[in-house]
Structure formats: C-alpha cells, structure tokens
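Letter by letter, the chains look like this.
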Amino acid sequence: MDFSLTEEQQMVRQAARDFAQTELLPGVIERDEKQEFPTRQVQAMGQLGFMGMMVSPEYGGSGLDTLSYVLVMEELSKVDASASVVVSVNNSLVCWGLEAYGTEEQKQKYLPALATGEKIGAFCLSEPEAGSDATSQKTTAKDAGDHYVLNGTKNWITNGNSADIYLVIAQTYPEKGHKGINALIVEKGMEGFEIGPKEQKLGIRGSDTHSLNFNDVKVPKENRIGADGFGFKFAMKTLSGGRIGIAAQALGIAAGAYELSLKYSKERKAFGTEIANHQAIAFKLADMHTQIEAARMLVYRAATDKDRGENYDLSGAMAKLYASQVAMDTAVEAVQIHGGNGYVKEYHVERLMRDAKITQIYEGTSEIQKIVISRSILRD
Ligand code: CAA
Ligand code: FAD
C-alpha cells in the first residue's frame, strides 16, 4: 500500500504540527495539573478546520480524507492528548455519525456548528453496567408518540460538560435486545438532563469526563438517528471509525515520547559521553522507532481502507490494539531514558506515560479489540 502523502496532506500535517507547538505546548503542563479544558485552543482548532475535518464543505466542514485526519491527530497528540481527544470525539464519533446516518434536517441543523468548533459534540454509550458489554444498555428511551422519554445514567462521557450536542444510545424495546436500541440527539439544556461531577483522572486530565443523568427528558422523534432500532449498529459503525482516531492518538503519544527521548539522549551525558552512545539506550531508541513505524503503517492502512470505501472494522481494531500498546511501551521507556528528569513534569514524558494508558481502555479496551479481530479472522 502506498502511503506517500499528497501536497495537501503534507500541508495539513504541517499546519497541525505548527499549531501544536505554538498553541498547545504553552500551558499544557498547567492544564494537566488543573484539569483545565483547552477552551481557547478548541476554538482555534475549529477555525483551522480541525473540528470537522471529514465533514463535507456543504455542511461547513473541511471535506478532507481520513488520512489527513489521522495526520492531524498524530501531530496534536505528540503534544497534548487531552486536546486531541476532543478533536477525535467531535470528528469521528459525532460529526461522522451524523453525516453518515442523520437526516438532511439533522445535518443542516447540527453539523455546521459542530464542524467549525462553535459547538462541541459528545458520544454517550457507556453506562455503569454497560462498558465493554455495550448491548446491556439500561438507559431507556420510551416511545411516547411524537417524542421519546429518556431515563438513565451514562458514564465516562468525554466532553461531558463542554459539549452542546450529545448522541445518546438508549434502549427502547428491551425484549428485542440490541435490535431495540436507538440513538438520539440530545441538546444541553433539555429539561431533566443533568451533568454529573467531573472525574479526577490519571491522564488526559485536560479533557472533561463526566457522568450524565437523564430524568424524563423529552426528546423529539425527529432527533432519532436512523431507523427505529438502528442505535446499536449506529454505535458500532461509528466506533469502527473512532478507533482509527484513537489509534492515531496513540501513535502521536508514542512519537512524541520518542522524539523527546531522541533529543534528550543526544544531550544528556553520563560516564563522559552522551547517553545515546550507551548501547542500552541506543537499543531502546531502535525498538521505539521500529515499533512506531509499524504502528504508523497500521494506522495509515486503516485510514486508507476507510478512504477507499473498504471495510475497516478489522484494520481499525488492529491499528488501535497495536498503536496503544506501542504508546504505553514507548512512554514507559521514554521516562526511563530521561532518568530522574523523566519523573518530573517539565520534561513532559511522565504526562505522555499517564496519557498513553487511556488509549488501551476507551473506544473498546485492548481485550475488546482482540474480540473484534479474532471474530473477523475466524469468520473470514
Ligand atoms: N458494524 C456494524 N454492526 C456491528 C458491528 C460493526 N462494526 N459490530 C457488531 N455489529 C452488530 C452485529 O452484527 C450484531 O448484529 P446482528 O445480530 O444483527 O448480526 C450486533 O451488532 C451485536 O453484535 P455482537 O453479537 O457481536 O455483540 P456483542 O455483545 O458480542 O458485543 C462488541 C460486541 C464488539 C464487544 C461490542 O459490544 C463493543 O464494541 N464493545 C465495546 C464498547 C466500546 O467500544 N465502547 C466505547 C465507548 S465510546 C468511547 O469510549 C469514546 C471515548 O472514550 C473517547
Ligand atoms: P469493563 O467492561 O467493566 O471491563 C473491565 C475489564 O474486563 C477490562 O480489562 C476489559 O477489557 C475486560 N473485559 C470485559 N469484557 C471482556 C470480555 N468479554 N473478554 C475479555 N475481557 C473482557 N464511553 C463513552 O460512551 N463515551 C465517551 O466519551 C467515553 N469517554 C471515556 C473517557 C475516559 C477517560 C474513560 C476512562 C472512559 C471513557 N468511556 C467513554 C468509557 C470507555 O469506553 C469504557 O471505560 C470502556 O469501554 C471499558 O468499559 P468499562 O470501563 O465498563 O470496563
């Protein structure tokens, strides 16, 4: 597969690289410490077209391909994975889901503001008793004629407080199992919709994660996405693309940790020479570089599958499984290469190590990716 980048893709990547250095890097340590959402930076990314990268220009988006999107995710994540997860959720879970399966009215109403970052989206599938086991939805959306009545709790919702538009998965016909689930568009401020407290997290601390409570929230029928009972398939299809975005986030975290380690090992001296001259350190760099290149191939492959209209369930799951492992391994080794300095905030690698862990958990844990991969290879 040819991954040579077009001039446009190279320009988009450069724009993201510049933005990460000039706008995300300053203050990234403080935002992590204070668990502060990058409000100004998200607005700026909206102006640059990063919040609706794959949305068609007809709905206010940038009309770019998935490969351009992963290039941007990679560059942003090298510096600030809290900011990049906002981009990932908005692009691949919310905008993509709406554009692929929404009605014309829904697209006209919601996409332009989401694609420009004026409004932010959230994707709400997980519940206290339905994480990996996502078909066990307890949140209910009872059919009440011209509207649904939504009741229940969602857990761990990224952009939980900052979002304006929430795609909520809920059970309408429990007797039908996953075929009775619907996906509804819920707006902040609807009566009975409450945002729970912010989670205190290990990593991606600048991203706001909240539980959400729905108490008899009336959601108009025209806010249902797709046919009655399509909600679970909607979630699965949307997550297949989302996993490519998180794989790119993991790749970026790994690449960021590697670049910092390469630089540091050429500067720091021990035993009369730069530590890079010690083979133990040089071999760590060799392993990091090799694994990152392999992860990059998988991520670009999955993005290219999506751009070519081919099935990307398998390639996306493999990319996420592998890139997230590489992110974790690389970040841990980066801390080691930095020695004591690796353990303090100003050298950034301890944050990358904390941020890397989430890529093995959200949008389907590594164990769930193995279920998706093994089912696919055994079926085919
Ligand atoms: N595309 C379309 N349909 C799909 C699908 C896909 N990729 N994957 C599954 N389905 C369909 C199946 O075909 C099946 O439908 P039929 O009965 O009509 O054939 C239906 O969905 C149920 O599938 P399974 O029988 O395979 O269901 P399961 O209970 O065994 O679970 C699972 C499958 C893959 C484990 C799924 O539950 C899963 O993905 N779990 C992980 C949940 C997850 O990723 N959550 C992420 C939340 S969002 C998030 O995390 C965002 C963030 O952090 C930033
Ligand atoms: P569980 O499902 O309870 O899993 C616990 C352990 O058991 C895991 O190791 C898991 O891999 C393993 N396990 C479970 N089932 C199996 C099996 N069948 N075979 C083998 N192993 C298994 N969700 C959203 O809907 N929207 C969001 O925006 C969102 N953002 C998140 C942000 C953060 C910071 C976090 C922490 C989570 C977020 N999530 C979000 C939720 C996330 O997707 C879930 O945490 C994840 O899917 C795992 O679910 P769980 O936490 O319930 O773990």
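Residues numbered from 1 in each chain as written. Chains lettered and ligands numbered in written order. Predicted model: local features only at pLDDT ≥ 70, side-chain atom pairs only at ≥ 80, totals over all residues.

**Q** Can you explain the pairing of strand 7 (residues 209-220)? Please cite residues and give values.
**A** In this structure, strand 3 (residues 147-158) lies alongside strand 7, joined through nine bridges in antiparallel fashion. Pairing of Tyr148 across the sheet is with Val219, part of strand 7. In this structure, strand 6 (residues 193-198) lies alongside strand 7, joined through four bridges in antiparallel fashion. Bridge pairing in strand 7 links Lys198 to His210. (Pairing = 2+ DSSP bridges. Helix = DSSP H or I, 4+ residues; strand = E, 2+ residues; numbered from the N terminus.)

**Q** Which residues make up the domain arrangement of the protein chain, and what are the values?
**A** Segmenting the protein chain into domains produces domain 1 (7-120), domain 2 (122-231) and domain 3 (235-378). Placing a centre on the C-alpha atoms of domain 2 and another on those of domain 3 gives a separation of 30 Å. Taken residue by residue, the interface counts nine residues in domain 2 and seven residues in domain 3. Taken together, the residues of the side of domain 2 that touches domain 3 break down into six nonpolar, three polar and no charged. (Domains from an automatic or database assignment. Contact = placed C-beta atoms within 7 Å. Nonpolar A, V, L, I, M, F, W, Y, C, P; charged D, E, K, R; others polar.)

**Q** Any details on the site of ligand 1? Residues and values, ideally.
**A** Close contacts around ligand 1 come from 23 residues, with Ala134, Met236, Tyr362, Glu363 and Gly364 the closest. The set of elements that each furnish at least two residues to the shell around ligand 1 consists of helix 5 (81-101), helix 7 (231-267) and helix 11 (366-379). With six residues, helix 7 is the single largest residue contributor to the shell around ligand 1. Taken together, the residues of the shell around ligand 1 sort by class into twelve nonpolar, seven polar and four charged. (Near = placed C-beta within 6 Å.)

**Q** Report on the site of ligand 2, specifying residues and quantitative values.
**A** Close to ligand 2 lie 22 residues; Ser126, Gly131, Ser132, Thr365 and Glu367 are nearest. Elements that contribute at least two residues to the shell around ligand 2 include exactly strand 1 (121-124), strand 3 and helix 11. Here the residues of the shell around ligand 2 sort into eleven nonpolar, seven polar and four charged.

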